[in-house]
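# Structure assessment
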Amino acid sequence: MDINIRLLVKDHFLNQMWLVGWLLVALVGYTVLSIFSDNLAKPFIDLILLAALVAFFFAPKPVTSSPAIYIFVFALAAALLTWALMLLQHADIAESSPQVHKLTYWFFLIPIAFACGGDRRKVIGIWLIAGVALVFTPWVKGIGVTAIVNGITGSRTDLNLLNAQHAAMYFAVLALGAVAVLPRLLALKNLRWLAVGACLLVLVYALVAVIITQTRAVWLGLSIALIVQMAVSLRVTSASWRRVTRLVAMVVIPLIIVLATNWQLIQQRVIAESDSIAALWADDAIAFDSAGIRLHFWRESLHWIAERPLVGWGVEGKKMVIQQADSFPEAIKKQDLSHLHNSFLDALVNFGLLGLAAIVALWAYLVRACVQLWRNGHISNDLLVFYLSFLALWFVINCFESYMQFASGRFVFALISGGMLSLVWRTRLLPGKSA
């Protein structure tokens, strides 16, 4: 048993074996169960948070002085300031507690980074575990074949993963990962075509899942992310054009086949609520359909942002936008919707420009740090390609749905960004050694 623990601790930036073991067990449990059931994963979230708090006091200074830590402190201060000012100026609607987690959940990537410990094998391993869990969850829940058949025949399906939007999000990320790893698999000396075939099978499965969930925002986000992935790949690769062409064909051909076999479904879904979009440009009355609700929410939220642009309205701000709008029908208000279908607008209404600034600063730091890692030769091309395309996807889809308000969205962002942050931390500790 001692040997196994030592193998786990190897290449981790923490030296305390008991603490690393604690973090890794909690991380694996969180990863395996989050996709299957939020409730089952909650105890592991608590374990990770507690372990990360302990780890902070054992971690070396280059980790504890990371810009990510300072940005987190800024976000914490912004949330506390919003709450304090609401108590002073609007005590009747202020929350009884600050509920800073409504902003700082963007920073759950920090505990994940502590758990991964800067070891590339652990990062990729935990991503692989998440991918496998996602692939098999619909089947474990007993609806795999039924859901896919129903989806292909035109019915919208959620694959028993919270709802269709979140299922689409999960599988879009899986598709990006499958595309990003293909060059690595093509370079294998043993079992190359078996690995490539399995990867392409996963890619087709993910693309089909994205389509049958019928989530247009994810279709848009994945399209843009794949373009980003291709552009970044061409920028960073030194492979011959023959190899690049072969790789592009491996991705494009399955994509065309999946699109062609589902083209009628895609067309119907794309034009389903085009009247709401047209009404916006014509300044006509906008219906309260799926697209129309978002347009109404976003337009109404601008008035609230204008009143308190710097610090926002606190954690109930986004809900007040909906409940106090005179133009919204009672049927909409009775649905008790608690978000604006936009993670960034949620932050802006709740915590103002200060809260949004914390999120923007985090993203800017992660992008700059990861690009710098690649330039210095500390991470491989496929990691950079995958992460930048993931951020493109995440930005687009969070402009149309508040994924970060849900455990599923927080899980995906933390797992991927936390893994990358841990690699950044490793190079701060060992500047001359790649992750």
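Structural notes, computed from the coordinates. The structure presented is a predicted model; accordingly, all values stated were derived computationally and were not measured. (Residues numbered from 1 in each chain as written. Predicted model: local features only at pLDDT ≥ 70, side-chain atom pairs only at ≥ 80, totals over all residues. Heavy atoms only, no water.)

## A closer look at helix 8 (residues 120-140)
Look at helix 8: 29 Å from first C-alpha to last across 21 residues, which is about the 30 Å you get at 1.5 Å a residue. By the largest-angle criterion, leucine 134 marks the main kink of helix 8, which is about 25°, and a proline, proline 138, follows within four residues. Every buried residue of helix 8 is listed here: Lys122, Val123, Ile126, Trp127, Ala130, Gly131, Ala133, Leu134, Val135, Thr137 and Pro138. Residue aspartate 119 occupies the N-cap position of helix 8, its side-chain oxygen lying 3.1 Å from the main-chain nitrogen of arginine 121. (Helix = DSSP H or I, 4+ residues; strand = E, 2+ residues; numbered from the N terminus. Expected span 1.5 Å × (residues − 1). Bend = angle between axes of the 7 residues up to and from the residue. Buried < 20%, exposed > 50% of the residue type's maximum accessible area, 1.4 Å probe, protein only. Polar contact = N/O pair within 3.5 Å; in protein donor to acceptor, adjacent residues only side chain to side chain.)

## What about the nonpolar core?
Counting 147 residues, the largest nonpolar core has Trp106, Phe171, Trp394 and Phe413 as its most contacted members. Sort the elements by how many residues they give to this core and helix 19 (residues 343-375) lands first, with 17 residues. Beyond its immediate chain neighbours, meaning those up to four positions away, phenylalanine 413 contacts Trp106, Leu109, Leu362, Trp363, Phe390, Leu391, Trp394, Met404 and Gly418. (Core = buried A, V, L, I, M, F, W, Y, C linked by side-chain atoms within 4.5 Å. Contact = heavy atoms within 4.5 Å.)

## Points about the pattern of salt bridges
Counting across every chain of the model gives four salt bridges. The partner of aspartate 382 in a salt bridge is arginine 184, and the shortest N-O contact between them spans 2.6 Å. Pair noted here: aspartate 382 is in helix 20 (residues 381-397) and arginine 184 is in helix 10 (residues 164-186), with a separation of 198 residues, a long-range link. Between arginine 294 and glutamate 401 there is a salt bridge whose closest N-O contact spans 3.0 Å. One end of the pair, arginine 294, is in helix 16 (residues 290-307); the other, glutamate 401, is in the loop between helix 20 and helix 21 (407-429), and 107 residues separate them in sequence. Several salt bridges share partner residues, and in doing so they unite Asp119, Arg121 and Lys122 into one network. (Salt bridge = Lys/Arg side-chain N within 4 Å of Asp/Glu carboxyl O.)

## Description of the packing of helix 19 against helix 21
Running from amino to carboxyl end, helix 19 crosses helix 21 at an angle of 55°, the nearest separation of the two axes being 10 Å. The pairing of helix 19 with helix 21 is recorded here as oblique in orientation. Every pair of crossing elements has a handedness; the one defined by helix 19 and helix 21 is left-handed. In this structure, helix 19 contributes Leu362, Trp363, Tyr365, Leu366, Ala369, Cys370 and Leu373 to the contact, and helix 21 contributes Phe413, Ser417, Met420, Leu421, Leu423, Val424 and Thr427. (Axes fitted to C-alpha atoms, helices over the stretch in contact; angles between N-to-C directions. Parallel < 35°, antiparallel > 145°, perpendicular 65-115°, else oblique. Left-handed = near helix turned anticlockwise from the far one by under 90°.)

## Some words on the side chain of serine 343
By the secondary structure assignment, serine 343 is in helix 19. Look at serine 343 and you get buried, because its relative accessible area is 4%. A polar atom in the side chain of serine 343 sits 3.4 Å from the backbone nitrogen of tyrosine 403. Polar contacts involving the side chain of serine 343 include one to the main-chain amide nitrogen of methionine 404, which spans 3.4 Å. Sequence-distant contacts of serine 343, that is, excluding residues within four places in its chain, are made with Trp106, Asn398, Glu401, Ser402, Tyr403 and Met404.

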